[in-house]
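Each chain is listed here by its residues.
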Amino acid sequence: MTISTIIIWFQIPFAEPNIDDRVSNIFFGCTNWTFYVMSESVLSFPLELDMLMKERQSRTYRLLSYYLSKQIAELPLVLVNPILFTIPVYWATNLLPDFGRFVAYLIVVLLGVLTSQSFAYLFGATILDVQKSISISLIFLIITMLLGGFYIKHLPTGLNWLKYLSFLKFSYSLLMQIQLDSPKAQFRCARPGELLAGELSKCNAGDNAPMSSIPGIYIIENLGLNDLPWYANLIVLLGLCFVVRVLAYYSLRKNSRRD
């Protein structure tokens, strides 16, 4: 996956014709590992339920001890692949050459992965059926991805609030702000013949004087990803990761008592 991604988006120029390629690369980096983690973590509790019930009946350990130790044990397995993917892809695809921004980018990718795992835990602990858990989690991820801000930018009237139900919306917005809300994020205007036939350069759009380059913040505003500041997106993402894990614990405790 890493090699394929690097080949497809190798050294994306900071130029207007390549803006969409850069945005697509960022969105792919945001969503790629959420599917992998969701499909793996949603099986955690359904596959171990029988063992868990027997050991709880014998009072081998408390449910909270099991729940916390399982998360700690699975943490390296969940994070190692996204780390090994993001580090080479970031530099090989020519994302913003700033080490501080790179560290922030990597942290947000990992936080998105952990949030995806939180929802997987919740579905697995609530449904406790392997096939149903997988189906529900995949449907949830597809809807979340569609509402994340890449595929659908303008929802029908009255449904705009739905995008705030997508955790990918917050991680995607954060990654875009990390990459584009910087003085270093300047994109050369398209030269004659570089754009598709009939496509107008953003440098000549509107009634203002033509721009010499396109600032990254202009792209964020054009995509509608500036509705929340970066710290608000971060707080919501952290809150979702924590709250959903707490809900998963109480759901598991309720279902284990019932069984």
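Residues numbered from 1 in each chain as written. Predicted model: local features only at pLDDT ≥ 70, side-chain atom pairs only at ≥ 80, totals over all residues. Heavy atoms only, no water.

A. Region of interest: the state of the cysteines. Scanning all chains against the criterion turns up one disulfide. Across a sulfur-sulfur distance of 1.8 Å, C189 and C203 are joined as a disulfide pair. Negative torsions about the S-S bond denote left-handed disulfides, and the value of about -100 degrees found for C189 with C203 makes this one left-handed. Of this pair, C189 sits in the loop between strand 1 (186–188) and strand 2 (213–215) while C203 sits in the loop between strand 1 and strand 2, and the two are 14 residues apart along the sequence. Residue C189 shares its accessibility class with C203, and that shared class is buried. With no disulfide of its own, C30 lies 14 Å from the sulfur of C241, the closest cysteine sulfur. (Disulfide = S-S within 2.5 Å. Helix = DSSP H or I, 4+ residues; strand = E, 2+ residues; numbered from the N terminus. Buried < 20%, exposed > 50% of the residue type's maximum accessible area, 1.4 Å probe, protein only.)

B. Broad picture of the packing of helix 5 (residues 99–127) against helix 7 (residues 167–180). Following both chains from N to C, one finds helix 5 and helix 7 inclined at 175 degrees, their axes separated by 9 Å at the closest point. In terms of orientation, helix 5 and helix 7 fall into the roughly antiparallel class. In this structure, helix 5 contributes R101, A104, Y105, V108, V109, G112, T115, S116 and F119 to the contact, and helix 7 contributes F167, S171, L174, L175, Q177, I178 and Q179. (Axes fitted to C-alpha atoms, helices over the stretch in contact; angles between N-to-C directions. Parallel < 35°, antiparallel > 145°, perpendicular 65-115°, else oblique. Contact = heavy atoms within 4.5 Å.)

C. Representation of the nonpolar core in the model. Judged by nonpolar contacts, the single largest core of 68 residues is most densely connected at F45, Y105, Y172, M176, I219 and L252. Residue contributions to this core peak at 15 residues, all from helix 5. When sequence neighbours within four positions are dropped, the list of residues in contact with Y172 reads V23, I26, F27, C30, G148, G149, F150, L223 and L225. (Core = buried A, V, L, I, M, F, W, Y, C linked by side-chain atoms within 4.5 Å.)

D. How the structure looks around the side chain of N18. Considering the arrangement of structural elements, one finds N18 in the loop between helix 1 (2–8) and helix 2 (19–41). For N18, a relative accessible area of 19% puts it in the buried group. N18 has contacts with I12 and P13, leaving out every residue within four places of it along the chain.

E. How the structure looks around the UniProt feature "domain: ABC-2 type transporter transmembrane" (unreviewed entry) in the protein. The UniProt entry lists residues 8–180 under the feature "domain: ABC-2 type transporter transmembrane" (unreviewed entry), expressed in the numbering used here. The distance separating the terminal C-alpha atoms of residues 8–180 is 21 Å; by composition the span is 74% helix and 0% strand. (UniProt positions renumbered as here; feature names shortened; annotations may be inferred.)

F. Main features of the UniProt feature "transmembrane region" (unreviewed entry) in the protein. The UniProt record marks residues 72–91, 103–122, 134–152 and 230–252 with the feature "transmembrane region" (unreviewed entry), using the residue numbering of this structure. Helix makes up 100% of residues 230–252 and strand 0%, and the two end C-alpha atoms of the span are 33 Å apart.

G. Main features of helix 3 (residues 44–57). Between its terminal C-alpha atoms helix 3 stretches 20 Å, which fits the 20 Å expected from 14 residues at 1.5 Å a residue. Where helix 3 bends most, the angle comes to about 50 degrees, and this point is D50. Turning to helix 3, its buried residues number three or more, namely S44, F45, P46, L49, L52 and M53. (Expected span 1.5 Å × (residues − 1). Bend = angle between axes of the 7 residues up to and from the residue.)

H. Structural view of the pattern of salt bridges. All chains considered together, the criterion is met by four salt bridges. Close ionic contact of K169 with D227 constitutes a salt bridge, the shortest N to O distance being 3.2 Å. Of this pair, K169 sits in helix 7 while D227 sits in the loop between helix 8 (216–223) and helix 9 (230–258), and the two are 58 residues apart along the sequence. One continuous salt-bridge network, built from bridges that share partners, spans K163, K169 and D227. (Salt bridge = Lys/Arg side-chain N within 4 Å of Asp/Glu carboxyl O.)

I. Spatial organisation of the side chain of S133. Mapped onto the elements of the fold, S133 is located in helix 6 (residues 130–146). Given the relative accessible area of 0%, S133 is considered buried.

J. Representation of the environment of Y249 within the structure. Tracing the backbone through its elements, the reader meets Y249 in helix 9. Given the relative accessible area of 12%, Y249 is considered buried. Separated by 155 residues in the primary sequence, Y249 and N94 have C-alpha atoms spaced 41 Å apart.

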